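What follows is the residue order along each chain.
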Number of protein chains: 2
Amino acid sequence: MTAYHAPLRDHRFVLHELLQVERYRNIPAFADAARETVDSVLEEGGRMAEEVLFPLNRSGDEEGCHFEDGVVTTPHGFKDAYRTYREAGWVGLEGNPEHGGAGLPQIVATSVGEMAGSANLSFETYAGLTMGAAHTIDTHGDDAQRETYLPKMFTGEWGGTMNLTEPHCGTDLGLLRTRAEPREDGTYRITGTKIFISAGEHDLTENIIHLVLARISGAPTGTRGISLFIVPKFLTGPDGGPGERNAVTCGSIEQKMGIKASATCVMNYDGATAYLLGEENRGLRAMFTMMNRARLGVGVQGLALGEIAYQNAAAYAKERLQGRALSGSTSPGSAADPIIVHPDVRRMLMTMRAFTEGGRALALWTAFALDMSRHDPDERARRDAEDLVSLITPVVKAYLTDMGFETANLGLQVHGGAGYIRETGVEQFVRDARITQIYEGTNGVQALDLVGRKIPAHYGRALRQVFHPIDQFIADAAEDEDLRDMAGLLGKSFGRLQLATAWIGEQGLKDPEQAGGGSRDYLRLFALVVVGYLWARMAQTARDALGRGTDERAFYEAKLATANFFLTRMLPDTSSLLSKIMSGKDAMMALEAEQF
Amino acid sequence: MTAYHAPLRDHRFVLHELLQVERYRNIPAFADAARETVDSVLEEGGRMAEEVLFPLNRSGDEEGCHFEDGVVTTPHGFKDAYRTYREAGWVGLEGNPEHGGAGLPQIVATSVGEMAGSANLSFETYAGLTMGAAHTIDTHGDDAQRETYLPKMFTGEWGGTMNLTEPHCGTDLGLLRTRAEPREDGTYRITGTKIFISAGEHDLTENIIHLVLARISGAPTGTRGISLFIVPKFLTGPDGGPGERNAVTCGSIEQKMGIKASATCVMNYDGATAYLLGEENRGLRAMFTMMNRARLGVGVQGLALGEIAYQNAAAYAKERLQGRALSGSTSPGSAADPIIVHPDVRRMLMTMRAFTEGGRALALWTAFALDMSRHDPDERARRDAEDLVSLITPVVKAYLTDMGFETANLGLQVHGGAGYIRETGVEQFVRDARITQIYEGTNGVQALDLVGRKIPAHYGRALRQVFHPIDQFIADAAEDEDLRDMAGLLGKSFGRLQLATAWIGEQGLKDPEQAGGGSRDYLRLFALVVVGYLWARMAQTARDALGRGTDERAFYEAKLATANFFLTRMLPDTSSLLSKIMSGKDAMMALEAEQF
């Protein structure tokens, strides 16, 4: 009953008009990213999402994955769809071209990932995790490891996973117990149990390459004694294909609230053969260097569900007849007006729209910085981009997933009672979106990462990458008649962000619980200001396009109106957030644990 | 894996200490409501919820209802539990004692209803709907109808339903098509299809009394041609028990996001025998007079899910070891500290707690006013109470359900990954809570009811019932050293509410879309101020108890701390809400429908 249309026009707006990625063709990674190439990749990716992934979204949710005797079977149709998907080359889109990846920029892969996630989040997790594991091997592996695994992973013939969590340790990886015993041949034997392993076992690929955190016998306790290992489901045979079965098995799969077609596995390692990836005892570090990409990916999943929720809510609101417009009927000929005439329905739709379009700008701006942090020929520019990515990533992850969930919920609300019925299909978006606020580090952990690690790093150096362009934009826009009002609104909120930043910095130095207590509200305040800045820039871009003359007036006018909605109706949350942060931790921490 | 403990101490605090219901023993309806009686009803009700209803909550969700050939079977155990529940007299707790009800005040029934809803929302819907229908018959029926139906409904032998919605009409009942043809004997033949009928068919009772909205042949179109009918599943036999089967059947049941053990039915009326309830063409009016009670009931359902979510999140946070306190370990002897030491976990728990305790005060304050509106011997006092109830009901419904859902979600978040697993049990609270924002009028409809109907009625007369006591409290508290700070915070937000009220009133007169556009934010602002006022009064009550000396210091100190949290961390949302409301409708209504 739901539908999905790849929002190609909006991706093109962000890529070409707002960020103007074509200006960067001088950078080798972008050399092949001509506008026409990018557009045709987006178009093909959108079609794959609409025609191959989306039709399996509801049926996958209804059927879920099956588990029997260690074997996991994905829902009907997934195997064929995966073959089509991987054969068309979508898995290794941004993979290193030296090892068989297509070598496209992260920003393009991020656009395609959003569309895949909208169409079928469960499906997208399989390929997404493969690429997460592949990037980790690419970054920390030796040449032999790269040659053994990457080509098969970039084609999607082999899958990949990340094995961090154990029953007693999720966020706090220092508690990890899985053991690795060195063998004489340089390999290791891994023993332990991992839980919540997405795509840990399934029938889509002929092999699965697990990356596993474990402690080498005799290693220090805590986080400084953790190493990262490659543990293939099948050891590589003499021909490079899957050989002997390794001692890793799936013990069971979880029944979950959502993403039911994504297999969440308990993985048992029973003396499995393992290969050290990177240095001994530096496993957590290796994981963390890959986190930015993974967290951006999860943020985009939140955005993706917001987008499909918006599309379906807007369609329903234009079609469902109920009641009359407060300002007089818009369709006096029919029995009632479409519910889109009601201001509160508009409020919901505009909130959804302002989030998805603004969130898309945020995600792609971040992905672009990720590209620059790797590929800009200038070292200082790489460092600046790296600073920006590292600072903004927890904001992207938490804001896009919190708002993605909220947007999916607003979409359900627009449907009224019909939204609560499974057959309608929109309640699945809510259930699927809910996990994104939790995995890859809960949103509370993201907030703590922002205030406790990312901002203080290098004496706050990274903040300049965000504050400086915003400051500059506000100063310029204040002189621009069309943008002056927006600049004023943005400036007021930016002032609040600066106050909050100073407060958190000062108080946090004296008492880290003050920073921790305000962390969630601070992250949201930060996100609103950054997205407000991007919206103001999008308004400028749209205004310029209208000024030049265009046959897409409705598109650009809608951008201006939506920017205005964000700045007047969503950005004002910064005022309450500032009060809450500055009220301090006292009320929050007053009770003893036993009083709860 | 979840647990539920009836929060008896907190109910006693609100009933006896905050509202002091015992002072009203002079009013006949309260004559039997001595403190010990009330306490023992709460205790028994709590035990029933814990021991009979709660054990079937998860299994009911997993199994759902079954439908075959028009027959609906509730999940395993429901039938026995219902028999136990009704035989103990819980169904007709607040029923009219002249017709076999127990005649307890609404406020006591509301407390018990909260506990039943926490323990098993699906189960609670069956009895809740029976009482909704019974009250409607009590208010609008003639003596014969009351005698025929009420005694059987108050004992729970017979169930009841409300049939409003049709496929093409939910909120907009003027579009209703179900027809009623008068017969010569004074009865009617009803034909039509109703959807989303909770408890429309099931195996818990020997008969089901449907109240059905339909249009008598020749009646005016729109809402002025709708009448209300009694349509029993079995016509009453000569002995007063169920006789001949009526022509009403269940066509199917819905697969839903949650409340899966509550049967949501498509009901087909095929010339069913029906009896007019109340006057011809005044059916909607009859329904609306019962709405306050029903909407309070749904608000309490939201609160109920917030409460059980809070209890389980607090228990998990005290037990789950992960990471170290920012201020230094609290349990240096174990591998990690319980997560309740982390400020962001505290933020979530305190938000949940401040909502549930404040929401309970709001719900019971409203239920008490409902009692007074019916039973106060003084006519003017009845009118004042009726004004208060009618004004505050949409606020209670929307705020308690929006926040109940948010609280259930926070509870899931505290559990991290485990919260997403069905077996843990807390994701069910989220799915179950979601319906409360929709049924009995979506929360958008509540907001429009508040600004469009309730506030303007009698030139704003009802507002006095809220504004006057708040104003008075702030003036008094300003002179009280302990309460001065809280009064200051409350006063600031109350000022914003007054500004917003004036703005909505003025703008709404000129352009109803201005009022509609701000309605949701205005309702939330209103709720925050009222709950802030109740929190400040609870702080005063707790402070007085501590001053008198008590052996429950921890309880009262927790009340003070939680009041402080609400006023400093939750009430400040009023500032953003005011800005949003006063930014007006322009940004919201700027786009044409086809631009979405």
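The text that follows walks through the structure, step by step, so that each part is easy to find. (Residues numbered from 1 in each chain as written. Chains lettered and ligands numbered in written order. Predicted model: local features only at pLDDT ≥ 70, side-chain atom pairs only at ≥ 80, totals over all residues. Heavy atoms only, no water.)

Side note on the overall build of chain A
A count of helices and strands for chain A gives 20 helices and 11 strands. Taken against the 2.2 N^0.38 rule, which gives 25 Å for 596 residues, the C-alpha radius of gyration of chain A at 24 Å falls within 12% of a compact globule. Considering only intrachain contacts with a sequence separation of at least 6, the fraction spanning at least 24 residues in chain A is 73%. Entry remark: accessible area of chain A is about 20,900 Å², with carbon and sulfur atoms responsible for 49%. Distance between charge centroids for chain A: 4 Å, based on 60 positive and 78 negative side chains. (Helix = DSSP H or I, 4+ residues; strand = E, 2+ residues; numbered from the N terminus. Rg over C-alpha atoms; globule rule 2.2 N^0.38 Å. Contact = heavy atoms within 4.5 Å. Areas by Shrake-Rupley, 256 points an atom, 1.4 Å probe, with all protein chains shown as cover. Lys, Arg positive; Asp, Glu negative; His and termini not counted. Charge placed at Lys NZ, Arg CZ, Asp CG, Glu CD.)

A look at the nonpolar core
Membership of the largest hydrophobic core comes to 414 residues, with the highest contact counts inside it found for Phe526 of chain A together with Phe526 of chain B. Setting aside chain neighbours within four positions, we find Phe526 of chain A in contact with Leu391, Ile392, Val395, Ile455, Leu463, Val466, Phe467 and Leu497 of chain A. (Core = buried A, V, L, I, M, F, W, Y, C linked by side-chain atoms within 4.5 Å. Buried < 20%, exposed > 50% of the residue type's maximum accessible area, 1.4 Å probe, protein only.)

Points about the relation of the copies chain B and chain A
With an RMSD of 0.0 Å, chain B superimposes on chain A once it is rotated by 180° and translated 0.0 Å along the axis. Taken together, the rotation and translation describe the operation of a two-fold axis. No C-alpha of chain B lies nearer the rotation axis than that of Ser576 of chain B, which sits 2.8 Å from it. Taken as a fraction of all interface residues of chain B, those also at the interface in chain A reach 100%, which identifies the copy contact as same-surface. (Least-squares fit on C-alpha atoms with pLDDT ≥ 70 in both.)

Details of the interface of chain B and chain A
Across the boundary between the two partners, chain B contributes 94 residues, which contact 94 residues of chain A. Note on chain B versus chain A: buried area summed over both sides is about 7,600 Å², and carbon and sulfur give 59% of it. It is Tyr420, Arg569 and Phe596 of chain B that lose the most area in chain B upon contact with chain A, and together they represent 13% of the buried surface on that side. Put simply, chain B and chain A have 4 salt bridges between them. Asp573 of chain B serves as the salt-bridge partner of Lys580 of chain A, at 2.9 Å between the closest nitrogen and oxygen. If you look at where chain B meets chain A, you find 52 residue pairs in polar contact (both at pLDDT 80 or more). (Buried area = accessible area lost by both parts, 1.4 Å probe. Salt bridge = Lys/Arg side-chain N within 4 Å of Asp/Glu carboxyl O. Polar contact = N/O pair within 3.5 Å; in protein donor to acceptor, adjacent residues only side chain to side chain.)

Topic: the pairing of strand 4 (residues 179-182) of chain A
Residue and element names in this part refer to chain A. Pairing between strand 4 and strand 5 (residues 188-198): 4 bridges, direction antiparallel. By the bridge assignment, Ala180 is partnered in strand 5 with Ile190. Joining the antiparallel neighbours strand 4 and strand 5 is a turn of 5 residues, in which Gly186 adopts a positive phi near 90°. Relative to strand 6 (residues 207-216), strand 4 runs parallel, the two sharing 2 bridges. Note that in strand 6 the partner of Ala180 across the bridge is Ile216. (Pairing = 2+ DSSP bridges.)

Remarks on the packing of helix 10 (residues 343-375) of chain A against helix 17 (residues 512-548) of chain A
Two measures define how a pair of helices packs: the angle their axes make with one another and the distance between the axes. Residues and elements named next belong to chain A. Remark: helix 10 packs on helix 17, axes separated minimally by 9 Å, with the N-to-C direction vectors making an angle of 95°. In this view, helix 10 runs roughly perpendicular relative to helix 17, as classed from their interaxial angle. Across from Arg353, Ala354, Glu357, Gly358, Ala361, Leu362 and Trp365 in helix 10, the residues of helix 17 making contact are Val530, Val531, Tyr533, Leu534, Trp535, Arg537 and Met538. A breakdown of the residues in the contact of helix 10 with helix 17 according to their chemical character gives 10 nonpolar, 1 polar and 3 charged. (Axes fitted to C-alpha atoms, helices over the stretch in contact; angles between N-to-C directions. Parallel < 35°, antiparallel > 145°, perpendicular 65-115°, else oblique. Nonpolar A, V, L, I, M, F, W, Y, C, P; charged D, E, K, R; others polar.)

A word on the side chain of Ser331 of chain B
All names here are of chain B. With respect to the helices, strands and loops of the structure, Ser331 is situated in the loop between helix 9 (283-319) and helix 10 (343-375). At a separation of 3.3 Å, a polar atom in the side chain of Ser331 contacts the side chain of Thr330. The residues contacting Ser331, other than those within four sequence positions of it, are Arg324, Ala336, Asp337 and Pro338.

A few points about unusual backbone geometry
The phi angle at His458 of chain A is positive, at roughly 50°, despite the residue not being glycine. Within the secondary structure, His458 of chain A is located in helix 14 (residues 457-460). Located in the positive-phi region is Phe196 of chain B, a residue other than glycine, with phi close to 60°.

A few points about the pattern of salt bridges
Taken as a whole and judged by the stated rule, the model has 75 salt bridges over all chains. Glu44 of chain A is the salt-bridge partner of Arg47 of chain A, the closest N and O atoms lying 3.1 Å from each other. Taken together, the positions of Arg47 of chain A and Glu44 of chain A, both in helix 3 (residues 35-53) and 3 residues apart, correspond to about one turn of that helix. Looking at Glu44 of chain A, the relative accessible area reads 40%, which means it is partly exposed. Between Arg282 of chain B and Glu279 of chain B there is a salt bridge, and its shortest N-O distance comes to 3.9 Å.

Re the side chain of Thr356 of chain A
Residue and element names in this part refer to chain A. Following the sequence through the fold, Thr356 ends up in helix 10. Assessed through its relative accessible area of 1%, Thr356 is described here as buried. Beyond its immediate stretch of four places on either side in the chain, Thr356 contacts Leu303, Gly306 and Glu307.

Here we look at helix 11 (residues 379-414) of chain A
An α-helix turns once per 3.6 residues; consequently, residues spaced three or four apart project the same way. Residues and elements named next belong to chain A. Taking 1.5 Å of rise per residue, 36 residues should cover 52 Å, and helix 11 covers 49 Å from first to last C-alpha, within 8% of that figure. The axis of helix 11 is deflected most strongly, by about 40°, at Ile392, and proline Pro394 appears within four residues downstream. By the criterion of burial, helix 11 is predominantly enclosed, with 29 of the 36 residues buried. Looking one or two residues past helix 11, Gly416 carries a phi angle of roughly 60°, positive in sign. (Expected span 1.5 Å × (residues − 1). Bend = angle between axes of the 7 residues up to and from the residue.)

Quick look at the packing of aromatic side chains
All names here are of chain A. Applying the stated criterion to the full structure yields 35 aromatic pairs over all chains. Here Phe30 and Phe368 contribute two aromatic rings whose centre-to-centre distance is 5.7 Å and whose plane-to-plane angle is 90°, an arrangement assigned as edge-to-face. Here Phe30, found in helix 2 (residues 28-31), pairs with Phe368, found in helix 10; they are 338 residues apart in sequence, far enough to count as distant. Its relative accessible area of 9% is what places Phe368 among the buried residues. A network of ring pairs unites the aromatic residues Phe78, Tyr82, Tyr85 and Phe123 as a single cluster. A cation sits over an aromatic face here: Arg9 above Phe555, 4.2 Å from the ring centre. (Phe/Tyr/Trp six-rings, centres within 6.5 Å; stacked < 30°, edge-to-face > 60°. Lys NZ or Arg CZ within 6 Å of the ring centre and 35° of its normal.)

Side note on the environment of Leu19 of chain B
Residues and elements named next belong to chain B. By the secondary structure assignment, Leu19 is in the loop between helix 1 (8-18) and helix 2 (28-31). By relative accessible area, which is 5% here, Leu19 ends up buried. Once residues lying within four places of it in the same chain are set aside, the contact partners of Leu19 are Val14, Tyr24, Ile107, Leu364, Trp365, Phe368 and Arg537.

Thoughts on the environment of Val531 of chain B
All names here are of chain B. Assignment of secondary structure puts Val531 in helix 16 (residues 512-548). For the pair Val531 and Phe566, spaced 35 residues apart in the sequence, the C-alpha separation amounts to 8.8 Å. Residues within four places of Val531 in sequence aside, it is in contact with Gly358, Leu362, Tyr399 and Phe566.

Details of the packing of helix 3 (residues 35-53) of chain B against helix 5 (residues 78-87) of chain B
All names here are of chain B. Relative to each other, helix 3 and helix 5 sit at 165°, their axes nearing to 11 Å. For the element pair helix 3 / helix 5, the angle class is roughly antiparallel. Considering how the two elements wind past one another, helix 3 and helix 5 form a crossing that is right-handed. Here Met48, Val52 and Leu53 of helix 3 come into contact with helix 5, specifically with Ala81, Thr84 and Tyr85. By residue class, the composition of the contact of helix 3 with helix 5 is 5 nonpolar, 1 polar and no charged. (Left-handed = near helix turned anticlockwise from the far one by under 90°.)

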